[in-house]
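Here is what each chain is made of, one letter per residue.
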Amino acid sequence: MVEEQHRPVLQGEYKLVSVLETVEDSTVYRSQSVSHSERVFAIREFKLEGFEAPEKRAMVSSYFQPIAQSYMDFSDPCLTSLRDFFIENGYIYFVFDFVPGCRLSNYLRMRHRPLPEVLALDISYKIARAMELLHSRDPIKFFADVSISNVILASNGYIMLTDYGLGKLLAPRPIDAPRMGTPGYAAPEQYGLAGIVGQATDIYGLGVIMHQLVTGIDPLNNTTGKLAPIADVNPAISDEYIEIVNMATHKEAKKRFISASDMADAIYSISPRRGLSTKSLKRNIVSDFLASIKAPFVAN
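Residues numbered from 1 in each chain as written. Predicted model: local features only at pLDDT ≥ 70, side-chain atom pairs only at ≥ 80, totals over all residues. Heavy atoms only, no water.

Student: Before we go on, may I ask you to explain the sheet that holds strand 1 (residues 9–10) in this structure?
Tutor: To summarise the sheet geometry, strands pair through backbone hydrogen bonds and adopt either a parallel or an antiparallel arrangement. Read from one edge of the open sheet, six strands run 1-2-3-4-6-5, paired in antiparallel fashion. Bordering the open sheet on either side are strand 1 and strand 5 (82–88), each of which pairs with just one other strand. Alignment of strand 3 (residues 26–33) against strand 4 (residues 40–47), held across seven bridges, turns out to be antiparallel. Residue pairing in the sheet places Thr 27 in a bridge with Glu 45 of strand 4. (Pairing = 2+ DSSP bridges. Helix = DSSP H or I, 4+ residues; strand = E, 2+ residues; numbered from the N terminus.)

Student: I'm lost on unusual backbone geometry in this one. Help?
Tutor: If a residue is not glycine, its phi is most likely negative; likewise, a peptide bond is most likely trans. With phi around 55°, Asn 89 is a residue other than glycine that occupies positive phi space. Mapped onto the elements of the fold, Asn 89 is located in the loop between strand 5 and strand 6 (91–97). The class of Asn 89 is exposed, set by a relative accessible area of 64%. Phi is positive for Ala 144, which is not a glycine, with a value near 70°. Relative to the helices and strands, Ala 144 resides in the loop between helix 3 (117–135) and strand 8 (151–154). Ala 144 gets classed as buried once you look at its relative accessible area, which sits at 7%. (Buried < 20%, exposed > 50% of the residue type's maximum accessible area, 1.4 Å probe, protein only.)

Student: So what exactly am I meant to see when it comes to the packing of aromatic side chains here?
Tutor: Each aromatic ring pair is specified by the distance between its two centres and by the angle formed by the two planes. Considering all chains together, one arrives at seven aromatic pairs under this definition. On the numbers, 5.4 Å between centres and 90° between planes, the contact of Tyr 14 with Phe 41 is edge-to-face. With Tyr 14 in strand 2 (residues 14–23) and Phe 41 in strand 4, the pair connects residues that are 27 residues apart, well separated along the chain. Side by side, Tyr 14 and Phe 41 carry an identical accessibility label, which is buried. (Phe/Tyr/Trp six-rings, centres within 6.5 Å; stacked < 30°, edge-to-face > 60°.)

Student: Which parts of the structure should I look at to understand the pattern of salt bridges?
Tutor: Charged atoms that come close allow side chains of opposite charge to pair. Considering all chains together, one arrives at nine salt bridges under this definition. For the salt bridge of Arg 103 with Glu 21, the shortest nitrogen-to-oxygen distance reads 3.7 Å. Taken together, the residues span a long stretch of sequence, with Arg 103 in strand 7 (residues 101–103) and Glu 21 in strand 2 at a distance of 82 residues. Neither Arg 103 nor Glu 21 differs from the other in exposure class; each is buried. Between Asp 122 and Lys 126 there is a salt bridge, with its nearest N and O atoms 3.5 Å apart. Here Asp 122 pairs with Lys 126, and both are found in helix 3, just four residues apart, close to one helical turn. Relative accessible area serves as the criterion here: at 2%, Asp 122 is assigned to the buried category. Using a relative accessible area of 6% as the deciding quantity, one classes Lys 126 as buried. Several salt bridges converge on common partners, so that one network encompasses Glu 21, Arg 103 and Arg 109. (Salt bridge = Lys/Arg side-chain N within 4 Å of Asp/Glu carboxyl O.)

In structure tokens, the structure reads:
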């Protein structure tokens, strides 16, 4: 928690209230607007290393302006809105609307055990549909950093994506690390100086999330580069679920699902609760997520 007397104000507008999460090379803060106190934001902070000179800072700003603007130009209930970005005091900041709820990473830590298949299917289905929205934009956009830290279980019942991996474009990385994305979740083609992102890498990341949801194995601790067979870890998971994960995480991009839409359809087809309405099971408080094993989210 940021001390009351030391809460900094960024750009004269964003007062940092508390730390929401610290992961890898960034920190996420809960922030309040100075001019409109009712407005609350989530701000992700990345340290700019190697860009100390003013001309280099200007170069970074001009580089990010069109990229960030393209994400600020659209909104959807499944995607957190990017409201602003700026460079200040050696850091680059991305300002998103704050979404009441729980990050999937925190939710899994609170559970201390894998999810039941029905709940894992529903969360995965909604992530796939949100990715489909990104991929359908013109020009096309990618999530780029698919991981459980960038998925929010919103208190209104939605599953939402956030962050989009924008700051990692400048984060210092070892040569053998993914150019964009998070180790363990990133597809093979994301690694190295020539790493790329696309629909296939987003699909791979979702496949890893699906594996983690039902096994409880954190891919950040995976040093082998191979996912443990789901059936060996959790025999209760269906062959159909395992088949979707195996296809999504195939090492060859062309052998994965053709699109996020195709993957969503495959997930939907094996969901035992398909056809039910999310509206009938809306949540209004975060604590409801702790009881989700009894009343799980369901696909739209």
